[in-house]
Amino acid sequence: MGKPIEILLVEDNPGDVRLTQEALRDGKMHNNLHVAWDGVEALEFLHRAGKYADAPRPDLILLDLNLPKKDGHEVLVEIKADGNLKRIPVVVLTTSKAEEDIFKAYDLHANCYISKPVDLDQFVRIVRSIEEFWFTIVKLPADGGRE
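The structure displayed is predicted, hence computed values, not measured ones. Within each chain, residues carry numbers counting from 1 in the order of the written sequence. Note on the predicted model: pLDDT of at least 70 is required for a residue's local features to be given, and 80 or more for side-chain atom pairs to be given and counted; whole-chain, interface and lining totals, by contrast, use all residues. Excluding hydrogens and water, the side-chain values take into account all heavy atoms of the structure.

As for helix H3 (residues 72-81)
Thought 1: For H3, the set of buried residues is Gly72, His73, Val75, Leu76, Ile79 and Lys80. Each buried residue of H3 lies within a common arc of 155 degrees when the element is viewed along its axis, so the set occupies one face.
Thought 2: One side-chain oxygen at the N-terminal end of H3 lies 2.9 Å from the backbone nitrogen of histidine 73; it belongs to aspartate 71. Only protein chains enter the accessibility calculation, which uses a 1.4 Å probe; a residue whose area is less than 20% of its type maximum is buried, one above 50% is exposed, and one in between is partly exposed. Note on conventions: DSSP H or I runs of at least 4 residues are helices, E runs of at least 2 residues are strands, and numbering of each starts at the N terminus. Directions drawn from the helix axis to the C-beta atoms are what define this arc. Definition of a polar contact: a pair of N or O atoms within 3.5 Å, with one able to donate and the other able to accept a hydrogen when the atoms are protein atoms, and with sequence-neighbouring residues admitted only if both atoms are side-chain atoms.

Laid out in structure tokens, this is it:
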């Protein structure tokens, strides 16, 4: 079956975490979904700090903007400023439809911005589309893009 895809979901809403887990579990790709519940935890995971010393390097990050402790924009700044992390694709998946959030996310080098739909079926379709797009259509660096 091959090596599973490693996905880091940075999300503080338990309902959205559960929906994402279900969508990816029923998807086409074999994956491991890891969840960070706030921005600080996400950066600890990415830097393999503390309890995340053995964390795998994600192939994709799904990032909410509205997070406790450190918001998604702050997390994005740190990811894209780090030579070891900056090539990991970051998909902003958030409830915000505000133009200023969209512009800011792209200015900070998000790879794409998706507003979460309120309809559950549509949410599942979007998560599956993200998985299919990033892992069957897009060509990613073979070594995870490390410098």
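Next comes the rest of the account.
A few points about the pairing of strand S1 (residues 5-10)
Thought 1: Of all the six residues making up S1, six are buried; the element is thus mostly covered by neighbouring parts of the structure.
Thought 2: Taking every second residue as pointing to the same face, both faces of S1 are buried, with Ile5, Ile7 and Leu9 on one and Glu6, Leu8 and Val10 on the other.
Thought 3: What makes two strands pair is DSSP finding at least two bridges between them. Across six bridges, the pairing between S1 and strand S2 (residues 31-36) is parallel. From the neighbouring strand, valine 10 faces S2, where its bridge partner is alanine 36.
Thought 4: The pairing of S1 with strand S3 (residues 60-63) spans four bridges and is parallel. Bridging from a neighbouring strand, valine 10 pairs with leucine 63 of S3.

Notes on the environment of histidine 30
Thought 1: With respect to the helices and strands, histidine 30 occurs in the loop between helix H1 (14-25) and S2.
Thought 2: Among the residues examined, histidine 30 registers a relative accessible area of 37% and is labelled partly exposed.
Thought 3: Along the sequence, histidine 30 and glutamate 6 sit 24 residues apart, while their C-alpha atoms lie 9.1 Å from each other.

Digging into the sheet that holds S3
Thought 1: An order of S2-S1-S3-S4-S5 is seen for the five strands of this open sheet, with the pairing classed as parallel. A strand with exactly one partner marks an edge of an open sheet, and here the two such strands are S2 and strand S5 (112-115). Across this sheet, the average inter-strand angle for adjacent strands is 20 degrees, counted without regard to direction.
Thought 2: Contact between two residues is taken to exist if any of their heavy atoms lie within 4.5 Å; hydrogens are not considered. Lines fitted to the C-alpha atoms define the axes, with helices restricted to the stretch that makes contact. Angles between their N-to-C directions range from 0 to 180 degrees. The strands touched by H1 within the sheet are S1, S2 and S3, with S2 carrying the most contacts at an inclination of about 170 degrees.

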